[in-house]
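# Fold and geometry: a report
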Amino acid sequence: MASFWKKITRKKKIAGFLLSFFFLLFSIWLALPDLVGWGLRNQSEDFGCSDFEVEVEQVDPWLSRFSSLRMEKEESLSLGIDHADILYSPGSLAEGKVDAISLTGLSLDLSGENPLPESTESKEVENESIETMVANFMSQPSLTHLRVRDSVLSFTRNGVRYSVNFLLQGDFYPEWVRMIFDGSFLGCLFESHFNLEQNESGAFATARVKIPDLAQLKSPLEKISDAEGLGLDEFSFLGGELKASASGKLEENSLTDLFLELNASNLALDLFGHEANASKIFCFFTPESMDMVNWQDKAYAN
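I will try to describe carefully the structure that is included in this document. (Residues numbered from 1 in each chain as written. Predicted model: local features only at pLDDT ≥ 70, side-chain atom pairs only at ≥ 80, totals over all residues. Heavy atoms only, no water.)

### Focus on the overall build of the protein chain
Broken down by element type, the protein chain carries five helices and 13 strands. Among the 302 residues that make up the protein chain, the fraction classed as buried is 27%. Nonlocal contacts in the protein chain, meaning residues at least 24 apart in sequence, comprise 45% of its contacts between residues at least 6 apart. For the protein chain, the computed accessible surface area is about 19300 Å², with 58% contributed by carbon and sulfur atoms. (Helix = DSSP H or I, 4+ residues; strand = E, 2+ residues; numbered from the N terminus. Buried < 20%, exposed > 50% of the residue type's maximum accessible area, 1.4 Å probe, protein only. Contact = heavy atoms within 4.5 Å. Areas by Shrake-Rupley, 256 points an atom, 1.4 Å probe, with all protein chains shown as cover.)

As structure tokens, then:
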């Protein structure tokens, strides 16, 4: 009889321990959003941000969701994100990897009058070449997919604010990176693609940019000319399409084997009050040396 009660007591102790353990896990689970928010605020203070706000909506082993993120650093940086989703799995987190990051309503405002101060960490990174950093990242990318929607990047220089509304898509795989950056710069629509491939010979980059309507460049060029004193009053685009492509090999902190191509069609220009037209223009550029001061060029038009 005594042994029977001992077994019941032992079972009660085990059940009580398991119940307490699961209650502790459940409490930590409920407190995770607050703990993550507290950690993010501490990180922002270490970064030197004077103002930081974030709402942590969800944190679990597969997804972290944030909203209404706002941070400022003196007068040099202002960052806002309406919604952010970070997707991962317990296995990927154990390897230090994130499966996907999705950002909606990102707004980044930088000031040229008040540049960000350099940190000691950034100075240490400067000692490592860009080629080495790219090779390290591409060998085992810590992020696989990046999506940024309905976002705007702004830069203030000489009292003038320049804005780019954009959509960004990035896919990062071992030895291969693809990025798409589409949007509008001060009302001028553009499309751009960037690819980076790593093999035994090194890292090779290719980029393409397309401006479907060059007439939309009139307002941005006038704004830049007035702010920088470039004197472009007698020059403007009336129409046409422009495609630009570039390719090169990344070595240390520079690009080698660089090749640039410009391709314009149905081009219409206003030069000193006179209209000039060309159905096709091709331009090819290659640098004569590594400093890229002098270039060789060839052009064809009809």
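### Quick look at the side chain of Ser102
Mapping Ser102 onto the fold places it in strand β4 (residues 98–111). When neighbours within four sequence positions are excluded, Ser102 is seen to be in contact with His83, Ala84, Asp85, Arg147 and Arg149.

### Things to note about the pattern of salt bridges
Taken as a whole, this structure holds eight salt bridges when the rule is applied. Between Arg147 and Asp171 there is a salt bridge, with its nearest N and O atoms 3.2 Å apart. Taken together, the residues span a long stretch of sequence, with Arg147 in strand β5 (residues 143–157) and Asp171 in strand β6 (residues 160–173) at a distance of 24 residues. Note on Arg147: relative accessible area 24%, which makes it partly exposed. Given the relative accessible area of 5%, Asp171 is considered buried. (Salt bridge = Lys/Arg side-chain N within 4 Å of Asp/Glu carboxyl O.)

### Structural notes on the pairing of β5
In terms of strand pairing, β4 meets β5 through eleven bridges, oriented parallel. Its bridge partner being in β5, Thr104 is matched across the sheet by Arg149. Relative to β6, β5 is paired through eleven bridges, and the arrangement is antiparallel. By the bridge assignment, His145 is partnered in β6 with Asp171. Hairpin geometry of β5 and β6 is characterised by an intervening segment of two residues between the two adjacent antiparallel strands and by a positive phi of about 55° at Asn158. (Pairing = 2+ DSSP bridges.)

### Some words on the nonpolar core
Grouped together as the largest cluster of nonpolar side chains are 37 residues, with contacts concentrated most on Leu69, Leu79, Ile81, Leu106, Val148 and Leu196. For Leu196, the residues in contact, after removing those within four places along its chain, are Val134, Met138, Glu175, Trp176, Val177, Ala203, Phe204 and Ala205. (Core = buried A, V, L, I, M, F, W, Y, C linked by side-chain atoms within 4.5 Å.)

### Concerning a negative patch on the surface
Taken together, Glu222, Asp226, Asp233 and Glu234 make up a surface patch of like negative charges. Within the element layout of this structure, Glu222 appears in helix α5 (residues 218–228). (Patch = residues over 30% accessible without salt bridge, like charges linked within 9 Å, V, L, I, M, F, W, Y side chains within 5 Å. Lys, Arg positive; Asp, Glu negative; His and termini not counted. Charge placed at Lys NZ, Arg CZ, Asp CG, Glu CD.)

### Observations concerning unusual backbone geometry
At Glu175, a residue that is not glycine, the phi angle is positive and equals roughly 70°. Within the secondary structure layout, Glu175 lies in the loop between β6 and β7 (176–185). Residue Asn266 is not a glycine yet carries a positive backbone phi of 50°. Assessed through its relative accessible area of 59%, Asn266 is described here as exposed.

### Re the environment of Ser236
For Ser236, the location among the structural elements is in strand β10 (residues 235–251). Expressed as a C-alpha distance, the spacing of Ser236 and Glu222, which sit 14 residues apart in the sequence, is 8.5 Å. Other than its neighbours up to four places away in sequence, Ser236 contacts Lys218, Leu269 and Asp270.

### So, the packing of aromatic side chains
For the structure shown, the criterion picks out eight aromatic pairs. When the centroid spacing of 5.2 Å and the interplanar angle of 75° are considered together, the rings of Phe235 and Phe237 count as edge-to-face. For Phe237, a relative accessible area of 18% puts it in the buried group. With a centroid separation of 6.1 Å and 25° between ring planes, the pair formed by Phe259 and Phe284 is classed as stacked. With Phe259 in strand β11 (residues 254–271) and Phe284 in strand β12 (residues 274–287), this residue pair connects regions lying 25 residues apart in the sequence. Looking at Phe259, the relative accessible area reads 33%, which means it is partly exposed. Judged by relative accessible area, Phe284 falls into the partly exposed class, the value being 24%. (Phe/Tyr/Trp six-rings, centres within 6.5 Å; stacked < 30°, edge-to-face > 60°.)

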